[in-house]
Amino acid sequence: MTPEDKHLYSNFDYETALSVQEGVQQPEQVSNSYIERMRARRQQEPSVEDLVSGILHGDRTLLSRAITLVESSLHAHQQKAREVIERCLPYSGKSVRLGITGVPGAGKSTTIEALGKYLTAHNHKVAVLAIDPSSERSRGSILGDKTRMEELSVDPNAFIRPSPSAGSLGGVARKTREIITLCEAAGFDVVIVETVGVGQSEVAAHSMVDFFLLLQLANTGDELQGIKRGIMEMADMIAINKCDIDRTRAELAATQYRNALHLFPMPDSGWTVKVSLCSAYTHEGVQELWNDVMEYVTFTKANGFFYHKRQQQNLRIMQEAIENGLRDRFYSAPGMEERLAEMSQAILDNKISAYAAADRLLGIEN
């Protein structure tokens, strides 16, 4: 740099030209006091009295928190949830419990939304328990049923609760029966249970509802492939959905199902299973579907089967509670984790058979 350049730069005002000007300080997007209040609110769990009172007054926030306790695997939460359920039990049992199942893509969620909107428009309060399949690898679930029921999810007279199946038999969550009790105590007079899909083990879903609806499709090839004796015998009604796509095929499928039903014995309810056409997309047949449900309820209440089925369901709840309790006590027994590891290694080393190992762990070896 020449002496002239140095002289030129010496006269330049660095302070005014290159200094960083202080800007306006931005406020925090979320105040610390608000964060602390929310954190304290989450940490402070509501008491049993608060939960029961909130449920009976229709508080959805407390209803959701009670359902979270029911679904929790923590022993303390299970104890608290059991007490809440016992307190709510006298206020339950006054709803119509509707189970809906069908092959993937049959339109279960769309049908539930169409039916739910029809019911809320006629002064019904609808609770939807949507069971989402859990991954066998990660044990996680998407729980995205609310996104498929956009209109119903914002309806003030509807409550949608997705739950993970967690490997439960029949595609229904283990605690679904308890959740039904809480929803009924909260004033919902229609409870809809959506199962994962059709299978030979749908007995679990059938054992907790009053009316079991099977959704089928007509444009999926040979309709007779969808006729499985196990699920057909449990269905109180079969609806051929998406009939607006191909009405001729839908009517043909309905005829085939009606002919197949004649081969089955009369159900214990004495009810003649109906086969109908519907389209959840155009809402065709949705009102008739609900009319058939109410006709079934009236018919089975008149001959006493409705109440008999509810009693049998209560007995099944007791049996399942015993089985679950025995399993939990077995795995939580002192030293059981070490004994399981020991027996597992013995099986891997071909020193003992799996059956003999189970007998030893159960203490029933001869």
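Just above sits the structure.
Rules behind the numbers
- Residues numbered from 1 in each chain as written.
- Predicted model: local features only at pLDDT ≥ 70, side-chain atom pairs only at ≥ 80, totals over all residues.
- Heavy atoms only, no water.
- Helix = DSSP H or I, 4+ residues; strand = E, 2+ residues; numbered from the N terminus.
- Contact = heavy atoms within 4.5 Å.
- Areas by Shrake-Rupley, 256 points an atom, 1.4 Å probe, with all protein chains shown as cover.
- Axes fitted to C-alpha atoms, helices over the stretch in contact; angles between N-to-C directions.
- Parallel < 35°, antiparallel > 145°, perpendicular 65-115°, else oblique.
- Left-handed = near helix turned anticlockwise from the far one by under 90°.
- Nonpolar A, V, L, I, M, F, W, Y, C, P; charged D, E, K, R; others polar.
- Buried < 20%, exposed > 50% of the residue type's maximum accessible area, 1.4 Å probe, protein only.
- Arc of directions from axis to C-beta.
- Disulfide = S-S within 2.5 Å.
- Salt bridge = Lys/Arg side-chain N within 4 Å of Asp/Glu carboxyl O.
- Phe/Tyr/Trp six-rings, centres within 6.5 Å; stacked < 30°, edge-to-face > 60°.
- Core = buried A, V, L, I, M, F, W, Y, C linked by side-chain atoms within 4.5 Å.
- 1 Å grid on protein atoms, 1.4 Å probe; cavity = no way out; pocket = protein on both sides within 12 Å on 5 of 7 lines; lining within 4 Å.
- Points joined across faces, edges and corners; volume = space filled by probe spheres on them.

(A) Examining the overall build of the protein chain more closely. When you go through the protein chain residue by residue, the secondary structure sums to 17 helices and seven strands. Pairs at least 24 residues apart make up 74% of the contacts formed inside the protein chain by residues separated by at least 6 positions. Here the protein chain displays about 21500 Å² of accessible surface, and carbon together with sulfur accounts for 53% of that area.

(B) Representation of the packing of helix H4 (residues 48-56) against helix H6 (residues 75-88) within the structure. Look at H4 against H6: their axes get within 10 Å of each other, and the N-to-C directions meet at 40°. With respect to their mutual orientation, H4 and H6 come out oblique. Where H4 crosses over H6, the handedness of that crossing is right-handed. Residues Val-48, Glu-49, Leu-51, Val-52 and Ile-55 of H4 lie in contact with H6, whose contacting residues are Lys-80, Glu-83, Val-84, Arg-87 and Cys-88. Of the residues in the contact of H4 with H6, the class split is six nonpolar, no polar and four charged.

(C) A look at H4. Burial in H4 covers these residues: Val-48, Leu-51, Val-52, Gly-54 and Ile-55. Down the axis of H4, the buried side of the element spans an arc of 165°, and every buried residue falls inside it.

(D) Layout of the state of the cysteines. The full count for this structure, using the stated rule, is zero disulfides. Cys-243 takes part in no disulfide bond, and the closest cysteine sulfur to it belongs to Cys-278, at a distance of 6.4 Å. Given a relative accessible area of 1%, Cys-243 falls into the buried group. A relative accessible area of 3% places Cys-278 in the buried class.

(E) Representation of the pattern of salt bridges in the model. Inspection of every chain in the model, using the stated rule, returns eleven salt bridges. For Lys-80, the salt bridge goes to Glu-45, with nearest N and O atoms at 3.7 Å. Of this pair, Lys-80 sits in helix H6 while Glu-45 sits in the loop between helix H3 (32-43) and H4, and the two are 35 residues apart along the sequence. Between Arg-247 and Glu-284 there is a salt bridge; the shortest N-O distance is 2.5 Å. Remark: Glu-284 occurs in the loop between strand S7 (274-277) and helix H14 (286-303) and Arg-247 occurs in helix H13 (residues 247-261); sequence separation between them is 37 residues.

(F) Layout of the packing of aromatic side chains. As enumerated under the stated definition, the model contains six aromatic pairs in all. Each ring, one from Trp-271 and one from Tyr-296, has its centre 5.3 Å from the other, and the planes form 90°; the classification is edge-to-face. Residue Trp-271 is located in the loop between H13 and S7, and its partner Tyr-296 is located in helix H14; the two are separated by 25 residues in the primary sequence. Comparing Trp-271 with Tyr-296, the two get one shared label, buried. Judged by centre distance (5.1 Å) and plane angle (85°), the ring pair of Phe-330 and Tyr-331 falls under edge-to-face.

(G) Quick look at the nonpolar core. Within the largest apolar cluster, 49 residues are counted, with the highest numbers of intra-cluster contacts made by Ile-55, Leu-63, Val-84, Leu-182, Met-232, Ile-238 and Ile-240. What Leu-63 contacts, discounting residues up to four positions off in sequence, is Ile-55, Phe-159, Leu-182, Cys-183, Ala-186 and Phe-188. Core analysis: the second largest hydrophobic core is formed by 34 residues, Leu-119, Ala-158, Phe-211 and Tyr-296 among them.

(H) Focus on the layout of surface pockets. The computed volume of the second largest pocket comes to approximately 790 Å³. Along the walls of the second largest pocket sit 28 residues, with Glu-233, Met-234, Asp-236, Pro-267 and Asp-268 positioned nearest its centre. Breaking the lining of the second largest pocket down by element, the ones donating at least two residues are helix H12 (229-234), H13, S7 and helix H15 (305-331). Here the lining of the second largest pocket takes six residues from H15, the largest share from any one element. Looking at side-chain class alone, the lining of the second largest pocket contains 13 nonpolar, eight polar and seven charged residues.

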